[in-house]
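Chain by chain, the residues run as shown.
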Amino acid sequence: MKTKQTTRLSLLITKAVYFSCFLFLFSAAALHFTGCGDDTVSTNYNIDMPRFNWKTVSLNAENFNCIWSRDTANMYLMSNVGNKLFKLTNGSLTNYNIGNHLIKQLSGNTSNVVIFALDESGEMKFVIWNGAAQEIRTGIYIPDTLGNYFTGCATDDMGYWIASQSGIASYNGGSTTRYYVNDNMFIPKHIYKSRQNTIRITGESRNTQKIYELQDTAFVQIFENTGNYYLKVLRDEAYGYFINENMTGPCFYNISGNSYIENFCINTNIPISFGNSLSGTAFSDLFFEVYSSSLFNELSSFGILHWDGYKFSREFEFEVQQPGIGNSATAFYSIDENNLLILEGQYPSKKLYIGTRK
């Protein structure tokens, strides 16, 4: 029996490496603040100077991959292995014990920091922290036969939600409710509160992009499309997103019924490779991680561009060469239209970039 349990735990830990938000947690952090300079951009390209001021925090002794914050005064960081939540305030890290779970995701609302966790038995849990950790069991287990994919969101008025291949759980007003999607191949990617004040889940099943919505007491499929598009959620709305190596910029699509309707494509006419790492509050406020030896050539050729709906601005270049577009360790979090957090790099060279609109 002990060998079986050990094997089960080993399989869960092995699967955890597939999460982009989950890496190994090491010990105490060394912090160092620097500024990101406004380097001159070549006049050959119609690119604006930085629209944001950037401050850099070096996290040399930690391998954080999750970040969330209500503002830039207190920022919360976490990794997938270990039992601590970290708060970064004025350059100092404080850690809090939140229980020993295999993999975790970090979020929150106006009242609490919320961690969505998977424990060693395969059960999903909510861990609510507001000065102390409150652990809430969901009763939903992810078996060894499924990949342990799950996603979570925290709302102010509709509770906390976890979506997985095994089922969906919500916690609101002291009670937990469980739901299921009628598709055992569905892999949830993003659960969120929509502009229509409903809970929706984007995901993929058999190379088909799908969206489910909670209607009354059940999740109902409201979108299905088999195509070469990703579903991206910007704040509280899902859009189609398409990019490949032969394009000069990404294309975005509105959703109508089961179809994508082109909204706009960004045509740069500049040698830029766009990845899937992006964040923002709307089409007119998007941040992209890109590779361009023409725009970024001092250090790594990898950097951040901002799109304001009309024109790009060259924000800054990363100091270290990234593994490749689409495979970097970059995590974005848009606090609002004026503040952005970017967690970048790999241990032992981890950095947090804090951007504030000028």
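Things to note about the overall build of the protein chain
Thought 1: Within the protein chain, the regular secondary structure consists of one helix and 29 strands.
Thought 2: In the protein chain, buried positions account for 53% of the 358 residues.
Thought 3: Pairs at least 24 apart in sequence give 48% of the contacts found in the protein chain among residues at least 6 apart.

Looking at the state of the cysteines
Thought 1: Per the counting criterion, the structure on display carries one disulfide.
Thought 2: Put simply, C251 and C265 are joined by a disulfide, and their sulfur atoms are 1.9 Å apart. One quick way to see it: the torsion about the S-S bond of C251 and C265 is about 110 degrees, and its sign makes the bridge right-handed. Of this pair, C251 sits in strand β21 (residues 251-256) while C265 sits in strand β22 (residues 259-265); the two residues are 14 residues apart in sequence, bridging distant segments of the chain.

With respect to the side chain of K351
Thought 1: The topology assignment puts K351 in strand β29 (residues 349-357).
Thought 2: According to the relative accessible area criterion, K351 is buried, its value standing at 11%.
Thought 3: Among the polar contacts made by the side chain of K351, one reaches the side chain of S58 at a distance of 3.1 Å.
Thought 4: Leave out the neighbours within four places in its chain, and K351 touches T56, V57, S58, E319, I342, L343 and E344.

Some remarks on the pairing of strand β24 (residues 285-291)
Thought 1: Among the seven residues that make up β24, six are buried, leaving the element largely enclosed by the rest of the structure.
Thought 2: As defined by bridge partners, strand β23 (residues 273-282) adjoins β24 across six bridges and the pair is classed as antiparallel. Within β24, the position partnered with F274 by the bridge is V290.
Thought 3: Linking two consecutive strands that pair antiparallel, namely β23 and β24, is a turn of two residues.
Thought 4: In this sheet, strand β25 (residues 302-307) lies alongside β24 in antiparallel orientation, the contact comprising six bridges. Within the sheet, the bridge partner assigned to F287 lies in β25 and is H306.

What counts as what
Think of each chain on its own: its residues are numbered from 1, step by step along the sequence as written. For a predicted model such as this one, the threshold for reporting local features is a pLDDT of at least 70, and the threshold for listing and counting side-chain atom pairs is 80 or more; totals across whole chains, interfaces and linings nevertheless cover every residue. The side-chain figures draw on all heavy atoms in the structure; neither hydrogens nor water molecules are used. Only DSSP runs of H or I covering at least 4 residues are called helices, and only runs of E covering at least 2 are called strands; the numbering of each starts at the N terminus. Any residue under 20% of the maximum accessible area for its type is buried, any over 50% is exposed, and the rest in between are partly exposed; the area is computed with a 1.4 Å probe on protein chains only. Here a residue-residue contact requires only that any non-hydrogen atoms of the pair lie within 4.5 Å. Note that a disulfide, as used here, is simply two cysteine sulfur atoms within 2.5 Å. In protein, a polar contact means a hydrogen-donor-capable atom and an acceptor-capable atom, both N or O and within 3.5 Å, with residues adjacent in sequence counting only if both atoms are side-chain atoms; elsewhere, any N or O pair within 3.5 Å suffices. Two strands form a pair only when DSSP identifies at least two bridges running between them.

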